[in-house]
Amino acid sequence: MDNEILRIENLQKRFGNVEAVKNVNLKINKGDIFGFLGPNGAGKSTTIRMILGLVKPDNGCVVINGYSLKNDYKNALTNVGAMVETPSFYEFMTGYENLKLTANLYKDLKHVDLLKVIKIVGLKKKANEKVKGYSVGMKQRLGIARALLNDPELIILDEPTSGLDPQGKKEIRKLITNLSKTKNITFFICTHLLNEVEQICNRVAILQEGQIISNRLLTEDSNNKWIKIYTKQKDDVYQLLKDYEGVYDIRQSENAVEINVERDVIEEINTLLFSRNIKIKYIVPKVESLENYYFDKTGGKFDVI
Amino acid sequence: MLYRLIKNEYYKLLKMKKIYFFMLIIAVMTIIPVLASKFGGADIVMKLNTFPLENLSWSAEMIIPIFIVILGAEMITNEYNNGTFKLSLINSATRSEVLISKIIVMISFIFMILIFTLMFSYISGSIFMDWGVPFEINGYVLSEVNGILYTIGMYLLSIIPLTAFSILVMFISFNLSSAGSVVGINIGIIFFLSLTRQLSPKLSPFIISDYFNTGLILNSANIFNKIIYLLVISLIYIIIFYSISWINLKNKDIVK
């Protein structure tokens, strides 16, 4: 509970006949880089807007840092920074002036704080130019700078790399990872890009048609593991292990047998295969890509870039 | 937070080129009759003691309401469409604070533009015009100083109906999705109200634009009654349109 920074309970939202968000439950811990994945139209942005109080939920509650958004709006949002969809700015003002508008809303933010975030996002040279001349990447950076201004504990980013070229995407990912490490900021990143989540997030939830269909750690936490046994005697291995206790799933691929097995049983299996004179080339852990996992979960409704 | 939001609204207002353009229009529209009075021959005679009130007539009835409409569309509809309206909200400002800050800045704008009109009228008029005969209100002749004070009073009084109108404009701005529609519909409303006043004198006491030109109060048989009407009708407009705007905003899903 102490480590929890954001909790969403039974969140629901309907727009006319469309049920955009259906009973969403989430819990984010301090220090997480949480990936909120889902295809376009899954309800990600609506969920984010409900977290930020921009859209009123029909049901459910949002608790940030122990404060209920409904009952204690100001305290709930005090330590939150956010960039919702394409960041919007007063285009007739400079980057610095736009940041100043946000800084003005906080008591203790000074010129030096603005310069600090401008430096972090690498916009020092462009800060005094009008935003209408900024590229998409520069606007994304300025959006992140704005989200960082109040020194938040939680930053919510909606499609932070949208519209960026590969180099820009890489830089934003690096920035998020650095901020997480150096400032221990919790990130809630909403995206439809699988590889983005895979590269920077430690936890991921997948939203489809308004419902969470998966919520798991990306770092290994399971008792089971997929391994690949490379051998010429695939059929023998298959017959030997298909009903073996501790083996939950078994498949044959081109030159290996893949098994989903309890971690403790792996060594036992190795001994068994050796004792039955089965010649093993090697046994390796099977790296299941997030892409495969989510294609399985969603039936292939994701963009992979 | 309210103070900080107001500060931000001023900051944005002063960064907008429109504000300076509005002032330029007022200046040009003021200088034209001044020059006409000086160089237009004997047919056009204007005197400095009444010129600021005559200037209030066209500015408060036509020009300032149009400025209010443009500014309302900018402050609310454009901000909503551009996605900047939500920025204060995601930084802990409440919806009522945002609404009140915008209303306060709108009132300040009306005050500022009226004071500019008044001062520019006196300054430009003093270069080319004679003072003229003293004011006379219902048989009472006002001294020069009292005439100026009366003029200032009428300018300040016109802030009230113009504020009521600005809250009507803000209500419309919250409910339309394009700034063009806001400007078009509000200008339509200005003309409709003006036409209704002319066609149906019985309805005119209930029409807010009837009170924009407070200089006309001078011509009323009962100045006191007219001012009471101005205050009551303005207050009714303010209460009704503020309340509806507040309820709308409170329940609105900010999706841009």
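See the structure shown above.
Residues numbered from 1 in each chain as written. Chains lettered and ligands numbered in written order. Predicted model: local features only at pLDDT ≥ 70, side-chain atom pairs only at ≥ 80, totals over all residues. Heavy atoms only, no water.

This paragraph deals with the overall build of chain A. Counting secondary structure elements, chain A contains 10 helices and 14 strands. By its C-alpha atoms, chain A is 75 × 45 × 35 Å across when sized along the principal axes. Per-residue burial over chain A gives 50% buried out of 305 residues. Contacts in chain A between residues far apart in sequence, at least 24 positions, make up 69% of those at least 6 positions apart. Working note: accessible area of chain A is about 14900 Å², and carbon and sulfur atoms make up 45% of it. Here chain A contributes 45 positive and 39 negative side-chain charges, whose respective centroids are spaced 7 Å apart. (Helix = DSSP H or I, 4+ residues; strand = E, 2+ residues; numbered from the N terminus. Buried < 20%, exposed > 50% of the residue type's maximum accessible area, 1.4 Å probe, protein only. Contact = heavy atoms within 4.5 Å. Areas by Shrake-Rupley, 256 points an atom, 1.4 Å probe, with all protein chains shown as cover. Lys, Arg positive; Asp, Glu negative; His and termini not counted. Charge placed at Lys NZ, Arg CZ, Asp CG, Glu CD.)

All names here are of chain A. Taken in spatial order, the 6 strands line up as 6-7-8-3-9-10 in an open sheet, and their pairing is mixed. Edge strands, defined here as strands with exactly one partner in the open sheet, are strand 6 (80-83) and strand 10 (211-217). Sheet twist, expressed as the average angle between the axes of neighbouring strands with direction ignored, equals 15 degrees. Where strand 9 (residues 203-208) and strand 10 come together, 6 bridges link them in antiparallel fashion. When the sheet's bridge partners are listed, Val204 is paired in strand 10 with Arg216. Helix 1 (residues 44-51) rests against strand 3 (33-37), strand 7 (154-158), strand 8 (186-191) and strand 9 of the sheet, and its axis sits at about 145 degrees to strand 8. Sheet strands in contact with helix 6 (residues 166-183) are strand 3, strand 7 and strand 8, and its direction is about 155 degrees off that of strand 8. (Pairing = 2+ DSSP bridges. Axes fitted to C-alpha atoms, helices over the stretch in contact; angles between N-to-C directions.)

Residue and element names in this part refer to chain A. Even without glycine at this site, Asn65 takes up a positive phi of about 55 degrees. By the secondary structure assignment, Asn65 is in the loop between strand 4 (59-64) and strand 5 (67-68). Here Glu209, not a glycine, exhibits a phi torsion of approximately 50 degrees, which is positive. When you line up the elements, Glu209 lands in the loop between strand 9 and strand 10.

The next point concerns the pattern of salt bridges. According to the stated counting rule, one finds 22 salt bridges over all chains in the structure shown. Where A:Lys74 meets B:Glu97, a salt bridge forms, and the shortest distance between an N and an O atom there is 2.9 Å. In this pair, A:Lys74 sits in helix 2 (residues 73-78) while B:Glu97 sits in helix 5 (residues 95-128), so the two residues belong to two different chains. Taking the relative accessible area as the measure of exposure, B:Glu97 reaches 16% and is therefore buried. A salt bridge links A:Lys228 to A:Glu258; the shortest N-O distance between them is 3.9 Å. Placement of A:Lys228 in strand 11 (residues 224-231) and of A:Glu258 in strand 13 (residues 256-262) is noted, with a sequence separation of 30 residues between them. (Salt bridge = Lys/Arg side-chain N within 4 Å of Asp/Glu carboxyl O.)

So, about the environment of B:Ser59. Residues and elements named next belong to chain B. Among the structural elements, Ser59 can be located in helix 3 (residues 51-82). Its relative accessible area of 0% is what places Ser59 among the buried residues. Separated by 28 residues in sequence, Ser59 and Ile31 have C-alpha atoms that sit 13 Å apart. The residues contacting Ser59, other than those within four sequence positions of it, are Ile26, Ile64, Pro65 and Thr117. Reaching out from Ser59, the side chain makes a polar contact with the backbone oxygen of Leu56 at a distance of 3.4 Å. (Polar contact = N/O pair within 3.5 Å; in protein donor to acceptor, adjacent residues only side chain to side chain.)

Taken together, the contacts link 30 residues of chain B with 29 residues of chain A. Taken together, both faces of the contact between chain B and chain A bury some 2700 Å²; the carbon and sulfur share is 54%. The three residues of chain B that bury the most area against chain A are B:Arg4, B:Tyr11 and B:Ile90, which together make up 22% of that side's buried surface. Our enumeration of links across chain B and chain A arrives at 3 salt bridges. Put simply, B:Lys15 and A:Glu97 hold a salt bridge, and the shortest N to O gap is 2.6 Å. Scanning the region where chain B abuts chain A turns up 18 residue pairs in polar contact (both at pLDDT 80 or more). Counting residues per element, the ones that place at least two in the side of chain B that touches chain A are helix 1 (2-15), helix 3, helix 4 (86-89) and helix 5 of chain B. A per-element tally of the side of chain B that touches chain A places helix 1 of chain B first, with 7 residues. Taken together, the residues that form the side of chain B that touches chain A break down as 10 nonpolar, 8 polar and 12 charged. (Buried area = accessible area lost by both parts, 1.4 Å probe. Nonpolar A, V, L, I, M, F, W, Y, C, P; charged D, E, K, R; others polar.)

So, on to a negative patch on the surface. A cluster of like negative charges, contributed by A:Glu245, A:Asp264, A:Glu267 and A:Glu268, occupies part of the molecular surface. Mapped onto the elements of the fold, A:Glu268 is located in helix 9 (residues 266-275). (Patch = residues over 30% accessible without salt bridge, like charges linked within 9 Å, V, L, I, M, F, W, Y side chains within 5 Å.)

Attention now moves to the packing of helix 3 of chain B against helix 6 (residues 144-175) of chain B. Residue and element names in this part refer to chain B. Here helix 3 crosses helix 6 at 30 degrees, and the two axes come no closer than 9 Å. Here helix 6 runs roughly parallel to helix 3, going by the angle between their axes. Judged by the sense of rotation from one axis to the other, the crossing of helix 3 with helix 6 is right-handed. Of the residues contributing to the contact of helix 3 with helix 6, the split by class is 18 nonpolar, 7 polar and no charged. (Parallel < 35°, antiparallel > 145°, perpendicular 65-115°, else oblique. Left-handed = near helix turned anticlockwise from the far one by under 90°.)

Bringing the pairing of strand 12 (residues 247-252) of chain A into the picture now. All names here are of chain A. In terms of strand pairing, strand 12 meets strand 13 through 5 bridges, oriented antiparallel. The residue of strand 13 that forms the bridge with Arg251 is Glu258. Taken together, strand 12 and the strand that follows it, strand 13, pair antiparallel across an intervening segment of 3 residues.

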